[in-house]
Amino acid sequence: MSTPTPAADVGAAPGAATATVPAHLRDAVDAAKERVAALHAELPRWELVVWTAGNVSERVRDTTRPDGSGDLLVIKPSGVAYDDITPAAMVVCDLDAALVEGDRSPSSDTAAHAYVYRHLPDVGGVVHTHSTYATAWAARGEPVPCVLTMMADEFGGDIPVGPFALIGDDSIGRGIVETLRDSRSPAVLMRNHGPFTIGKDARAAVKAAVMCEEVARTVHVSRQLGEPTRIAQDDVDSLYARYQHVYGQQPAPDPR
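Keep in mind the model is a prediction, meaning the values are calculated, not measured. (Residues numbered from 1 in each chain as written. Predicted model: local features only at pLDDT ≥ 70, side-chain atom pairs only at ≥ 80, totals over all residues. Heavy atoms only, no water.)

**Q** Honestly, the overall build of the protein chain in this entry has me stumped. Any pointers?
**A** Each helix and strand in the protein chain was counted, giving eight helices and eight strands. Looking at the protein chain residue by residue over its 256 residues, the buried ones come to 50%. In the protein chain, the proportion of contacts linking residues at least 24 apart, taken out of those at least 6 apart, comes to 68%. Summing over all exposed atoms, the protein chain offers an accessible surface of approximately 12900 Å²; the carbon and sulfur share of this is 52%. (Helix = DSSP H or I, 4+ residues; strand = E, 2+ residues; numbered from the N terminus. Buried < 20%, exposed > 50% of the residue type's maximum accessible area, 1.4 Å probe, protein only. Contact = heavy atoms within 4.5 Å. Areas by Shrake-Rupley, 256 points an atom, 1.4 Å probe, with all protein chains shown as cover.)

Below, the structure written as structure tokens:
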């Protein structure tokens, strides 16, 4: 049986970086590398990936250019085993998916991630997995119906299906944006491919990936027992609003 190639030997980048990380973003990029490397460990921990599949990215915002034109993204290199992912192994790209920093080829999904960041300015993190149950729904081309309060809380309704798209350019990114632009769901099941999730940052996108697989599995099991009951839309709206704005620890009131 072959073993994964160590990160140091994997996928030399096909060309030199087209730019360098600006000095004023150096600390932010290094911090993002730390976070993204750590979050990749969550994917096998939650059994969302096998071998080297899947990826996490995070946007690094350049606040000196509010139009987002100076933003960067941090993502893992292509084909690197999860045990070999370190902050130093991360690569940095611009939002046209061009390599800015790193000596390995970026993930094959980088163009999709970059497209999402270019067209959804509020998104700060993107995750792709091939988690078993969510991918099974994607293979069927069927949305996961909102039959659980957890789904109403997290996704605000069904988990939608995006179009079939080939890997390698921004076609997948276009499908993600077209599907999620007007949706409350942070997850989309790309047809015959698997789930992509988005969030305000990479951690939120990883959480969405974990929750997507959990509800995909639960609803699948439910359907083995019979047709699950949908939650009424008014109740979905109420649950979603409460979870987004009331649930959890709220800031302490200003004593003044």
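**Q** Looking at this model, I keep getting lost on the packing of aromatic side chains. Mind explaining?
**A** Aromatic rings in a pair are described by how distant their centres are and how their planes are angled relative to each other. Going through the model one piece at a time under the given rule, you end up with zero aromatic pairs. Above the ring of Tyr82, the side-chain terminus of Lys76 is found at 5.7 Å from the ring centroid. (Phe/Tyr/Trp six-rings, centres within 6.5 Å; stacked < 30°, edge-to-face > 60°. Lys NZ or Arg CZ within 6 Å of the ring centre and 35° of its normal.)

**Q** Where do I start with the pattern of salt bridges in this structure?
**A** Note that side chains of opposite charge can pair when their charged atoms are close. In the structure shown here, the tally under the stated rule is 16 salt bridges. A salt bridge links Glu42 to Arg45, with the nearest nitrogen and oxygen atoms 2.8 Å apart. Of the two residues, Glu42 and Arg45 are both situated in helix α2 (residues 42–45); the distance of three residues between them amounts to about one turn of the helix. For Arg140, the salt bridge goes to Glu142, with nearest N and O atoms at 2.8 Å. Among the ionic contacts, a cluster of salt bridges with common partners joins Arg26, Asp30, Lys33 and Glu101. (Salt bridge = Lys/Arg side-chain N within 4 Å of Asp/Glu carboxyl O.)

**Q** Which parts of the structure should I look at to understand the layout of surface pockets?
**A** The method is simple in principle: a probe with the dimensions of a water molecule rolls over the atoms, and the space it marks as empty is what remains. The calculated volume of the largest pocket comes to roughly 830 Å³. What lines the largest pocket is a set of 28 residues, and nearest its centre among them are Glu154, Gly199, Ala204, Lys207 and Ala208. Of all the secondary structure elements, the ones that give two or more residues to the lining of the largest pocket are α2, β8 (194–199), α7 (202–225) and α8 (233–245). With seven residues, α7 is the single largest residue contributor to the lining of the largest pocket. Grouping the amino acids of the lining of the largest pocket by side-chain chemistry returns 14 nonpolar, four polar and 10 charged. (1 Å grid on protein atoms, 1.4 Å probe; cavity = no way out; pocket = protein on both sides within 12 Å on 5 of 7 lines; lining within 4 Å. Points joined across faces, edges and corners; volume = space filled by probe spheres on them. Nonpolar A, V, L, I, M, F, W, Y, C, P; charged D, E, K, R; others polar.)

**Q** Mind showing me how you'd approach the environment of His40 here?
**A** Looking at the secondary structure, you find His40 in helix α1 (residues 26–40). Residue classification places His40 among the buried positions, given a relative accessible area of 0%. Taking the C-alpha atoms as reference points, His40 and Lys76, 36 residues apart in sequence, are found 8.4 Å from one another. Beyond its immediate chain neighbours, meaning those up to four positions away, His40 contacts Asn55, Val56, Lys76, Tyr82, Ile85 and Met90.

**Q** Got a minute to help me understand unusual backbone geometry in this structure?
**A** Positive phi values are uncommon outside glycine, yet Ala97 reaches one of about 70 degrees. Checked against the element boundaries, Ala97 lands in the loop between β3 (91–94) and β4 (99–101). Positive phi outside glycine occurs at Asn192, with the angle close to 60 degrees. Looking at the element boundaries, Asn192 is found in the loop between β7 (187–190) and β8.

**Q** Just to check I follow, could you spell out the sheet that holds β8 for this structure?
**A** Within a sheet, each strand pairs with its neighbour through backbone hydrogen bonds, oriented either parallel or antiparallel. The sheet built from eight strands is open, its strands ordered β4-β3-β2-β1-β5-β8-β7-β6 with mixed pairing. Looking at the sheet topology across the chains shown, the edges are occupied by β4 and β6 (161–162). (Pairing = 2+ DSSP bridges.)

**Q** Hey, could you run me through the pairing of strand β1 (residues 55–60) in this one?
**A** Walk down a regular strand and you will see the side chains alternate between the two sheet faces. Burial of β1 is extensive: six of the six residues sit out of reach of the surface. Residues Asn55, Ser57 and Arg59 point to one face of β1 and Val56, Glu58 and Val60 to the other, with burial holding for every one of them. Pairing between β1 and strand β2 (residues 72–75): four bridges, direction antiparallel. Residue pairing in the sheet places Glu58 in a bridge with Val74 of β2.

**Q** Please explain the nonpolar core as it appears in this structure.
**A** Soluble, globular proteins show a tendency: their nonpolar side chains are buried together. Counting residues in each nonpolar core, the largest one holds 26 residues, and the members touching the most others are Leu43, Val56 and Leu72. Going through the elements one at a time, α1, β1, β2 and α7 are the ones with two or more residues in this core. In contact with Leu43, not counting residues within four places along its chain, are Leu48, Val49, Asn55, Val56, Tyr82, Val127, His128, Thr129 and Val206. (Core = buried A, V, L, I, M, F, W, Y, C linked by side-chain atoms within 4.5 Å.)

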